[in-house]
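Observations on the model geometry
Chain by chain, the residues:
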Amino acid sequence: MAEITGDQRVQSEVLEGLATAVNHRRWFVELAVPYLGDNPIEIGSGLGDYALEWADRLPRFTATEADPDRLIRLKERLADRPTIDVREMLLPHSERGDYSAAVSYNVLEHIEDHVSALRSMRDLVRPGGAVIIIVPAFQFAMSPADIATGHVRRYTKKTLAAAMTEAGLTVEKIHYANALGLFGYFMATKVFRLMPKEGPMVKLYDTLVLPVTKAAEQVVRPPFGQSVFAVARVPA
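Attention here is on the structure that accompanies the text. (Residues numbered from 1 in each chain as written. Predicted model: local features only at pLDDT ≥ 70, side-chain atom pairs only at ≥ 80, totals over all residues. Heavy atoms only, no water.)

This brings us to the packing of helix α2 (residues 22-32) against helix α9 (residues 200-217). The contact between α2 and α9 brings their axes to 8 Å, and the two run at 25 degrees. Here α9 runs roughly parallel to α2, going by the angle between their axes. Contact residues: α2 offers Val22, Asn23, His24, Trp27 and Glu30, while α9 offers Asp206, Thr207, Leu210, Pro211, Thr213, Lys214 and Glu217. Of the residues that constitute the contact of α2 with α9, the class distribution is 4 nonpolar, 4 polar and 4 charged. (Axes fitted to C-alpha atoms, helices over the stretch in contact; angles between N-to-C directions. Helix = DSSP H or I, 4+ residues; strand = E, 2+ residues; numbered from the N terminus. Parallel < 35°, antiparallel > 145°, perpendicular 65-115°, else oblique. Contact = heavy atoms within 4.5 Å. Nonpolar A, V, L, I, M, F, W, Y, C, P; charged D, E, K, R; others polar.)

Turning our attention to helix α5 (residues 114-124). The buried fraction of α5 is high, at 9 of 11 residues. Of the positions making up α5, those classed as buried are His114, Val115, Ser116, Ala117, Leu118, Ser120, Met121, Asp123 and Leu124. Lining the buried residues of α5 we find β1 (41-42), β4 (99-105), β5 (125-136) and α7 (157-166). (Buried < 20%, exposed > 50% of the residue type's maximum accessible area, 1.4 Å probe, protein only.)

Further remarks concern the sheet that holds β4. Judged by pairing direction, the sheet is mixed, and its 7 strands sit side by side in the order β3-β2-β1-β4-β5-β7-β6 without closing on themselves. One side of each edge strand has no neighbouring strand; the edge strands of this open sheet are β3 (84-88) and β6 (170-177). Pairing of β4 with β5, which is carried by 6 bridges, proceeds in the parallel orientation. Bridge pairing in β5 links Ala102 to Val131. (Pairing = 2+ DSSP bridges.)

So, on to unusual backbone geometry. Cis geometry marks the peptide bond from Leu91 to Pro92; its omega dihedral reads -5 degrees. Along the chain, Pro92 falls in the loop between β3 and β4. Its identity as a non-glycine residue notwithstanding, Asn178 has a phi of 65 degrees, on the positive side. Structurally, Asn178 can be placed in the loop between β6 and α8 (179-191).

Looking at the secondary structure, you find Pro222 in the loop between α9 and β7 (227-233). Excluding residues that lie within four positions of it along the chain, Pro222 makes contacts with Tyr176, Ala179 and Glu217.

A cluster of nonpolar side chains, namely Met187, Val191, Phe192 and Leu194, defines an oily patch on the protein surface of about 390 Å² accessible area. Mapping Leu194 onto the fold places it in the loop between α8 and α9. (Patch = residues over 30% accessible without salt bridge, like charges linked within 9 Å, V, L, I, M, F, W, Y side chains within 5 Å. Areas by Shrake-Rupley, 256 points an atom, 1.4 Å probe, with all protein chains shown as cover. Salt bridge = Lys/Arg side-chain N within 4 Å of Asp/Glu carboxyl O.)

Another point: the packing of α5 against α7. One way to put it is that α5 packs onto α7 with a least axis distance of 8 Å and a crossing angle of 55 degrees. In terms of axis orientation, α5 runs oblique to α7. The handedness of the crossing between α5 and α7 is right-handed. Facing His114, Val115, Leu118 and Arg119 of α5, the residues of α7 in contact are Ala163, Met164 and Glu166. Classifying every residue of the contact of α5 with α7 gives 4 nonpolar, 1 polar and 2 charged. (Left-handed = near helix turned anticlockwise from the far one by under 90°.)

Purely geometric numbers; function is a separate question.
Okay, structure coming up:
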C-alpha cells in the first residue's frame, strides 16, 4: 500500500523556505527542459514552484501532489493557469498515460518501493519519452532533516541507475549536481542539526555561491554533489 512518509507540516515548511532559493530552482528547471516534450506530468509538485516555471515554456503541463493539504494549496495557486492541469497522485499506482515525459524532483527518496514508483512513472509516459529525476545524494549525508521530512534513502549515480534499469527504463544521462551544496547541507543539517529553511545562509549561498557552482559544473561534471540528476527513456 502506498503511503506518504514524513511530517507533512515540516515538508511544507521546508518547501516554503527553499522557494526563496531562486537561482537553485532555475538551474534545476533548466536541466529538465530539453527532455520535457510538449505535455509532461510532474510527480510531486509540492507548492508548484517548478510547475510554474516549466509551464511557462510549454503548451500543456500537469502538476500532481499526494498530500491533501498541499494539493488544495496547489490548486488554489494554479487556478488561473488554464494550461496547467492539477490532480492528486500517489505512487506507486497502476495507471497508464500518454504524457511526453514524467519529471519528479526530490520525491523518489520518500518512497519505500522506489522501483515500483519508477515503473508507475514509466507507464505514464509514451514510448520514447523521458523520466527525469532529481534525488538527494550520498547516504553519509542522511541527517535528522532527512528523517523528519520522510527520506528513506539517499542515492549515488550507481544506485539510482540500478533502480531505473530495474524499472524497465534506459538510462540516457546521469550526473551529480551542486557539489558545493553537499558540503553546506552536511554541515548545516548533520553537524549543526538545522532544517533547510529560509534564512540568511540560504540566501547567501543562492546569491553568491550557487551561480559560480553552476558555471563550473557546466564545464566539468563533479564526482559528487548534493543531488543526482538522471534522464531515462521509456523503451519504444
